[in-house]
Structures are given as C-alpha cells and as structure tokens.
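Chain by chain, the residues:
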Amino acid sequence: AQSVTQLDSHVSVSEGTPVLLRCNYSSSYSPSLFWYVQHPNKGLQLLLKYTSAATLVKGINGFEAEFKKSETSFHLTKPSAHMSDAAEYFCVVSGDYGNKLVFGAGTILRVKS
Amino acid sequence: GAGVSQSPSNKVTEKGKDVELRCDPISGHTALYWYRQSLGQGLEFLIYFQGNSAPDKSGLPSDRFSAERTGGSVSTLTIQRTQQEDSAVYLCASRGGGSTDTQYFGPGTRLTVL
C-alpha cells in the first residue's frame with residue numbers, strides 16, 4: 001500500500017522569502033512522486049514529477065523538489081515566494097497497479113505582502 | 001482535444017435522483033481515472049480504465065456508483081439514488097501509454113445533492 005503525509009496543513013510566508021512544503025511517503029514499490037497545485041476554483045496542475053531519474057527535480061514557476069530515499073521524503077521548495085504562489089499544494093505518490101494517484105491531504109500556502 | 005474536458009461543470013440535484021457525469025480525455029490517451037475531492041475525505045481515487053475495461057474499481061464507495069468507457073474515449077460516471085454525502089467535486093484524469101506519464105486533470109464537475 002502507498003501513502004503520503006503532508007506535514008503541514010497550512011504554511012504562511014512573506015513575499016520574497018523561501019517556501020518549504022514537506023512531504024513524506026510510504027511505498028512498497030519504486031514510487032513515482034508528484035507535486036500538483038490547485039488554485040482557488042481551478043483544476044489540478046502538475047508542478048513537477050520524480051520517476052527514478054535525477055533525485056533533484058525542477059518544475060514550473062521556480063519550484064523544485066528533492067527525492068530522499070533514506071528519509072522517504074519529497075519536500076517542495078522555492079527560493080522566493082510570489083503572491084501568485086498562494087494555492088493548495090498536493091504531494092502525490094503512484095506506482096501501484098494501474099498507477100492510480102494517492103494524494104496527501106494538501107498544504108495551503110499563504111503568501112503575505 | 002487540447003485537454004481533458006468534463007461536463008457539466010456544476011450539477012445540483014435532489015436526494016434520490018440519478019446523475020451522470022461525463023469525461024472527455026485527451027485524444028489518444030489510453031488510461032482514464034476518476035477521482036473525488038470532498039471536504040471530509042480529500043482527494044480519493046474512484047476507478048481506473050485501461051481502454052474500455054476497468055481493472056481497478058476499488059475506490060467506488062458503494063454499488064450506487066458505476067462507470068463505463070466506450071470507444072476507448074469518453075467515460076461516464078453514474079451515481080444512482082444520490083445522497084448528500086455524494087456532494088463533492090468529481091475529477092477525471094487521463095494518461096498516455098507510458099506508466100510514468102503524467103495524469104492530466106479536467107476542471108471537474110461540482111455535484112451538490114440537496
């Protein structure tokens with residue numbers, strides 16, 4: 001069975017400061033890991049994905065995540081937050097039969113001006 | 001098409017009525033998934049199609065829920081005798097042939113059961 005734990009339900013940062021959204025996963029398989037973002041009343045958009053290639057993954061809008069097998073973590077970071085980054089972020093694991101996605105509970109990112 | 005489309009975007013129905021939700025995947029995508037996003041349960045998997053067959057229905061919450069896919073393309077999710085706890089946003093996603101390919105999501109159908 002696979003699962004994902006997002007360690008913070010809410011994160012608040014000031015514009016221009018770094019962002020860190022934490023995620024730990026559990027998987028019996030070699031996992032694929034994703035971060036998706038959902039802006040208010042919008043659909044889910046893929047930020048980045050890890051599929052057993054490079055452990056440091058770069059995504060859109062300046063986000064990146066590092067896969068650490070020893071820590072079973074896949075934290076999302078961005079050096080400098082922008083107001084437009086305010087949204088809900090989901091850490092996701094797949095790799096099980098059919099590659100269905102298992103979502104974390106989500107982290108709501110608030111960016112203060 | 002350019003992306004995954006879903007219809008209707010919003011559906012309000014009365015308890016006990018049946019509803020049908022439609023998903024048009026990206027052209028050529030063989031895999032199709034339904035998920036549900038609700039306040040209490042977060043985002044959860046419902047069913048997976050590969051072509052027209054559904055090898056994984058493990059997420060369907062009850063026998064009131066069913067889905068089909070025809071022609072390897074359009075899928076319909078049907079909820080019979082709707083209950084208030086069925087109120088949620090129903091999301092469809094499609095994926096190309098590679099197992100590590102990205103799942104692309106549609107905008108969702110917001111279902112409200114009164």
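In what follows, the accompanying structure is described. (Residues numbered from 1 in each chain as written. Chains lettered and ligands numbered in written order. Predicted model: local features only at pLDDT ≥ 70, side-chain atom pairs only at ≥ 80, totals over all residues. Heavy atoms only, no water.)

**Examining the interface of chain B and chain A**
Alright, step 1. Listed by partner, the interface residues are 19 residues for chain B and 16 residues for chain A.
Alright, step 2. Taking both partners together, chain B and chain A bury about 1500 Å²; carbon and sulfur atoms supply 54% of that area.
Alright, step 3. Our count for the chain B to chain A interface comes out at one salt bridge.
Alright, step 4. With a closest N to O distance of 3.3 Å, aspartate 56 of chain B and lysine 100 of chain A form a salt bridge.
Alright, step 5. Put simply, chain B and chain A have six residue pairs in polar contact (both at pLDDT 80 or more) between them.
Alright, step 6. At the level of secondary structure, the elements contributing two or more residues to the side of chain B that touches chain A comprise β4 (31-38), β5 (42-50), β6 (53-56) and β9 (88-95) of chain B.
Alright, step 7. In the side of chain B that touches chain A, the residues fall into eight nonpolar, seven polar and four charged. (Contact = heavy atoms within 4.5 Å. Buried area = accessible area lost by both parts, 1.4 Å probe. Salt bridge = Lys/Arg side-chain N within 4 Å of Asp/Glu carboxyl O. Polar contact = N/O pair within 3.5 Å; in protein donor to acceptor, adjacent residues only side chain to side chain. Helix = DSSP H or I, 4+ residues; strand = E, 2+ residues; numbered from the N terminus. Nonpolar A, V, L, I, M, F, W, Y, C, P; charged D, E, K, R; others polar.)

**Quick word on the environment of aspartate 86 of chain B**
Residue and element names in this part refer to chain B.
Alright, step 1. The residue aspartate 86 is located in the loop between β8 (75-79) and β9 in this model.
Alright, step 2. Judged by relative accessible area, aspartate 86 falls into the buried class, the value being 2%.
Alright, step 3. Taking the C-alpha atoms as reference points, aspartate 86 and valine 12, 74 residues apart in sequence, are found 11 Å from one another.
Alright, step 4. Setting aside anything within four residues of it in sequence, one finds aspartate 86 in contact with Arg36, Arg64, Phe65, Ile79, Leu111 and Val113. (Buried < 20%, exposed > 50% of the residue type's maximum accessible area, 1.4 Å probe, protein only.)

**A short note on the sheet that holds β8 of chain B**
Within a sheet, neighbouring strands are paired by backbone hydrogen bonds and run either parallel or antiparallel to one another.
All names here are of chain B.
Alright, step 1. The strand order across the open sheet built from four strands is β1-β3-β8-β7, with neighbouring strands paired in antiparallel fashion. If you trace the sheet from one side to the other, it starts and ends with β1 (5-7) and β7 (65-69), each paired once. In this sheet, adjacent strand axes meet at a mean angle of 15° when their direction is disregarded.
Alright, step 2. As paired elements, β1 and strand β3 (residues 19-24) share three bridges and run antiparallel to each other. Bridge pairing links glutamine 6 to cysteine 23 in β3. (Pairing = 2+ DSSP bridges. Axes fitted to C-alpha atoms, helices over the stretch in contact; angles between N-to-C directions.)

**Description of the side chain of serine 73 of chain A**
Alright, step 1. Summarising the element assignment, serine 73 of chain A is placed in strand β9 (residues 73-78).
Alright, step 2. Beyond its immediate sequence surroundings of up to four residues, serine 73 of chain A is in contact with Cys23, Asn24, Tyr25, Glu66, Phe67 and Lys68 of chain A.

**Considering the side chain of serine 75 of chain B**
Residue and element names in this part refer to chain B.
Alright, step 1. Among the structural elements, serine 75 can be located in strand β8.
Alright, step 2. Judged by its relative accessible area of 0%, serine 75 falls in the buried class.
Alright, step 3. For serine 75, the residues in contact, after removing those within four places along its chain, are Leu21, Arg22, Cys23, Leu32, Trp34, Phe49, Glu68 and Arg69.

None of the figures reported here should be taken as evidence of function without further support.
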